[in-house]
Amino acid sequence: MENAYNRRQRRNDPKLKLWSSVGIMLTYRCPAACACCYVFSAPDINCPGGEMTPEMAWDCWKATRELNGQNGSVHLTGGEPFLRFELLRDLLQKAHDSGIGGLEKIETNAAWCVNDQITTERISELANLGLTKLQISTDIYHQQFVPTENLQRAIRIATEILGPECLQVRWRDFANDPVHSELFSESELDEAFTLALAKIPERMVGRAAVRLSHLVKQQPYASFQGINCRQSHMAAKGVHIDGFGNVFSSTCIGIITGKVDNDNSLKDIWLNYDFTQHPIWSVLTEGGPWLLAENAREQGFVPAENYAGKCHLCYSVRKWLFSNGLFPDYLGPAVCYGQ
Ligand code: SF4
Ligand code: SF4
C-alpha cells in the first residue's frame, strides 16, 4: 500500500514507513504535572476538546489494523488514561468481543493506585479483557507528584495479576530505589533533575523545554544549521492521535501531521500524506529547526544565543509561531504550547 510521497519515489529511494504503532491519547489531563512532560498535562488544564470520544478511539484502533493488518499495534495513553477508566474498559471490551487484536499496552503513572482494592479491581478487569502489558512510568519527575506508595502498590499488584513479563516499569532501577522528590525544594529539584538528565536525556519540548532545558549543556544557535529531521521523520513508525483528531508523528507532539475526523481515517491520512507539501514538515525535513527559525525571523522571531538541542530550538520556534497565530492548522493544540 503506497502513499502519496512514496508513489513519487524511484524504486531504491527511501520511503516513508508505514505508521504501525499508534498511541491513542484518551485525554491531556493528568494528576501529575511532570517537569519532563512533552505537553503541559496537569490536573487543572482546561482542554475539553482534548477528551477523546469513544467513537474516535475505536475508529483509530480499527484504522491501525486496516492499515497494517496483524502488524498494527495500539497503545492507550494520555495524559493519564486511567482518568478515562470507563473508556479504557469499554475499548478493551469491544476489542475482546470483536477479536480485533493489536493492543500493545496501556501506559500509566499509577497515581490512581490509592488502595489495594481499586488497584486490584481495575487491573483484573482489564486483564480479563485482554490487557497484555501495563507500562508504569516512574522517575524523579513523576515521583514529585505520584506517591511512591501508589507506585509500589501498582507494581506489586500488576505483577501478581498480569505476571512480571506483562509489566514494563520505566525505570525499574528508580522504582527499586525511589527518590522522594515530592518534598524537595526548587533548588533540590534542580539538582536532582540535573543528575537524572545526565543519565537519561529528555526531549526538550513542551514543559520539559520550559522546566529542564537550562539544566543541560547549551549549544550555539548557529550550530544547528544543516541538521534536519528527514531521516527520523520518514522512518518513524509511530504516531500519536489526540482527542481533537490531531495526528502527530512519533513524539513530535504539537506538529499536526494530519487530522482524523468522520471523513478521514488514519489510513486515509497515511495514504495521502506527503511531507514535502506540509508547511512545517517540509521545512523540518529540509533544513531542520534552524531553517524553521530562519524563516520565522523574517516574521519577527528572534532566536536565543543557545539552545539545549535541536528539539529545544524546534519547540521554541513553534511556540513563537503558534503564539502569533501562524500555521493554526499545523501547530497545536494550545495545551502543547502551554496555553
Ligand atoms: S509525563 Fe505523563 S504522567 Fe507526567 S504530566 Fe505528562 S502525561 Fe502526566
Ligand atoms: S527537532 Fe522538532 S521535528 Fe525534529 S525530532 Fe525534534 S521535535 Fe521533532
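Residues numbered from 1 in each chain as written. Chains lettered and ligands numbered in written order. Predicted model: local features only at pLDDT ≥ 70, side-chain atom pairs only at ≥ 80, totals over all residues. Heavy atoms only, no water.

Undergrad: Please give an account of helix H3 (residues 85-98) that cites residues and values.
TA: For H3, spanning 14 residues, the distance from its first C-alpha to its last is 20 Å, which sits close to the expected 20 Å at 1.5 Å a residue. Where H3 is concerned, the buried positions are Phe85, Leu87, Leu88, Leu91, Leu92 and Ala95. Each buried residue of H3 sits inside an arc of 165° when the element is viewed along its axis, so together they form one side. What points out from H3, more than 90 degrees from its buried face, is the exposed set Glu86 and Asp97. (Helix = DSSP H or I, 4+ residues; strand = E, 2+ residues; numbered from the N terminus. Expected span 1.5 Å × (residues − 1). Buried < 20%, exposed > 50% of the residue type's maximum accessible area, 1.4 Å probe, protein only. Arc of directions from axis to C-beta.)

Undergrad: Outline the site of ligand 2, supporting the account with residue identities and numerical values.
TA: Every residue close to ligand 2 is listed here: Arg203, Cys229, Cys252, Trp281, Leu284, Pro289, Lys310, Cys311, Cys314 and Arg318. Considering each element in turn, the shell around ligand 2 owes the most residues, four residues, to helix H12 (residues 310-323). Residue classes in the shell around ligand 2 are distributed as seven nonpolar, no polar and three charged. (Near = heavy atom within 4 Å. Nonpolar A, V, L, I, M, F, W, Y, C, P; charged D, E, K, R; others polar.)

Undergrad: Let's hear about the environment of Lys217: which residues, and what values?
TA: Among the secondary structure elements, Lys217 is positioned in the loop between helix H8 (207-211) and strand S6 (219-220). Along the sequence, Lys217 and Ala308 sit 91 residues apart, while their C-alpha atoms lie 6.1 Å from each other. Apart from the residues lying within four places of it in its own chain, the contact partners of Lys217 are Tyr307 and Ala308. (Contact = heavy atoms within 4.5 Å.)

Undergrad: Describe the pairing of strand S5 (residues 167-170), with residues and values.
TA: Residues Leu167 and Val169 point to one face of S5 and are all buried, whereas Gln168 and Arg170, pointing to the other face, are not buried. Inspection of the sheet shows strand S4 (residues 134-137) paired to S5 by four bridges, in the parallel sense. In the strand pairing of S5, Ile136 is matched with Val169. (Pairing = 2+ DSSP bridges.)

Undergrad: Explain the side chain of Asp139 residue by residue, including any values.
TA: Its location among the elements puts Asp139 in the loop between S4 and helix H5 (148-162). Arg170 provides the closest opposite charge to the buried, unpaired Asp139, separated from it by 6.9 Å. At 2.7 Å, the side chain of Asp139 and the side chain of His142 are in polar contact. In contact with Asp139, other than residues within four places in its own chain, are Trp171 and Phe174. (Lys, Arg positive; Asp, Glu negative; His and termini not counted. Salt bridge = Lys/Arg side-chain N within 4 Å of Asp/Glu carboxyl O. Polar contact = N/O pair within 3.5 Å; in protein donor to acceptor, adjacent residues only side chain to side chain.)

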